[in-house]
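# Observations on the model geometry
Here's the letter readout for the chains.
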Amino acid sequence: MILISACLIGMNCKYDGGNNYRDTLLDLVKSGKAIPICPEQLGGLKTPRYPSEIKTINGKKYVFNKKNEDVTEEFVRGAEEVLKLAKELNVDKVILQSRSPSCGVGKIYSGNFDRELIDGNGITAQMLIDNNIEVIDVEDYINLKR
């Protein structure tokens, strides 16, 4: 079984109320091979919501939205829910949306809302990695399938 960022199959759960639809991923859900998840909604955040980015302060990661509100608790709660689901379903792989403060794999935004990318993982991606669950960025997944 695979988990997929829900925005990738056309669910309007992105921070701005939109999605990042990829038809090849919707086919995985339709065929019963994948289940969509949105860590931010699972953590209790509304859609739409202010964009958020990860900041490291004194060696600890926090998530702040563009209004400088600390939403770390919601991001962690959502990551914990995804991890719980992944373990219960014996998930093999999780395909995640690029650059997201929840789902980003390998690259995330800098935390300064300047569109600059830095090395790092989103809160959910890192929690899954720390628990030995394979995560893959959607762009990498699509490139592998070509």
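This structure is a prediction, so every number in the text was calculated from the model and none was measured. (Residues numbered from 1 in each chain as written. Predicted model: local features only at pLDDT ≥ 70, side-chain atom pairs only at ≥ 80, totals over all residues. Heavy atoms only, no water.)

### Quick look at the overall build of the protein
Definition in use: Here a helix means four or more residues in a row that DSSP labels H or I, a strand means two or more in a row labelled E, and each is numbered from the N terminus. Throughout, the radius of gyration refers to the C-alpha atoms, and the reference size of a globule is 2.2 Å times the residue count to the power 0.38. Only protein chains enter the calculation, and the probe is 1.4 Å; a residue is then buried if its accessible area is under 20% of its type maximum, exposed if over 50%, and partly exposed in between.
A tally of regular secondary structure across the protein gives 5 helices and 8 strands. Starting at the N terminus and ending at the C terminus, the protein contains elements arranged as β-α-β-α-β-β-α-β-β-β-α-β-α. For the protein, whose C-alpha radius of gyration is 14 Å, the value lies close to the compact-globule estimate of 15 Å for 146 residues. Considering only C-alpha atoms, the protein reaches an extent of 40 × 30 × 30 Å along its principal axes. In the protein, buried positions account for 45% of the 146 residues.

### Some details on the packing of aromatic side chains
Our working rule: Stacked, edge-to-face and tilted labels apply to pairs of Phe, Tyr and Trp rings (six-membered ring for Trp) whose centres lie within 6.5 Å, assigned for plane angles under 30 degrees, over 60, and everything in between, in that order. Note on criteria: charge over ring means Lys NZ or Arg CZ within 6 Å of the ring centre, with the direction from the centre no more than 35 degrees off the ring normal.
Tallied over the entire structure, the rule returns 1 aromatic pair. Summarising the aromatic geometry, the rings of Tyr62 and Phe64 are spaced 6.3 Å apart at their centres and angled 40° between planes, so their arrangement reads as tilted. Phe64 gets classed as buried once you look at its relative accessible area, which sits at 13%. Lying across the ring of Phe64, Lys55 places its NZ or CZ 5.5 Å from the centre.

### Remarks on the nonpolar core
Rules: Among the buried residues, those of types Ala, Val, Leu, Ile, Met, Phe, Trp, Tyr and Cys that are joined through side-chain atoms within 4.5 Å form a nonpolar core. Contact between two residues is taken to exist if any of their heavy atoms lie within 4.5 Å; hydrogens are not considered.
With 23 residues, the main nonpolar core has Leu3, Val94, Leu96 and Leu128 as its most contacted residues. Taken together, the elements giving at least two residues each to this core come down to α3 (72-88), β5 (93-96) and α4 (123-130). When residues in this core are grouped by element, the largest group, 5 residues, is from α3. Not counting the four nearest positions on each side in its chain, Leu3 is found in contact with Ile35, Ile37, Val82, Leu85, Ala86, Val91, Lys93, Val94 and Ile95. Ranked by size, the runner-up nonpolar core spans 17 residues in total, among them Ile2, Ile4, Cys7 and Ala34.

### So, the pattern of salt bridges
In plain terms, the rule: We count a salt bridge whenever a side-chain nitrogen from Lys or Arg sits within 4 Å of a carboxyl oxygen from Asp or Glu.
Enumeration over the complete set of coordinates arrives at 5 salt bridges. A salt bridge links Glu139 to Arg22; its shortest N-O distance comes to 2.5 Å. In this pair, Glu139 is assigned in helix α5 (residues 138-145) and Arg22 in the loop between β1 (2-5) and α1 (23-30), connecting sequence segments 117 residues apart. In this structure Glu139 comes out as partly exposed when scored by relative accessible area, which is 31%. Given the relative accessible area of 25%, Arg22 is considered partly exposed. The shortest N-O distance in the salt bridge between Asp119 and Lys107 comes to 2.7 Å. With a gap of 12 residues between them, Asp119 in strand β7 (residues 117-119) and Lys107 in strand β6 (residues 107-109) connect regions that are remote in the sequence. Using a relative accessible area of 40% as the deciding quantity, one classes Lys107 as partly exposed.

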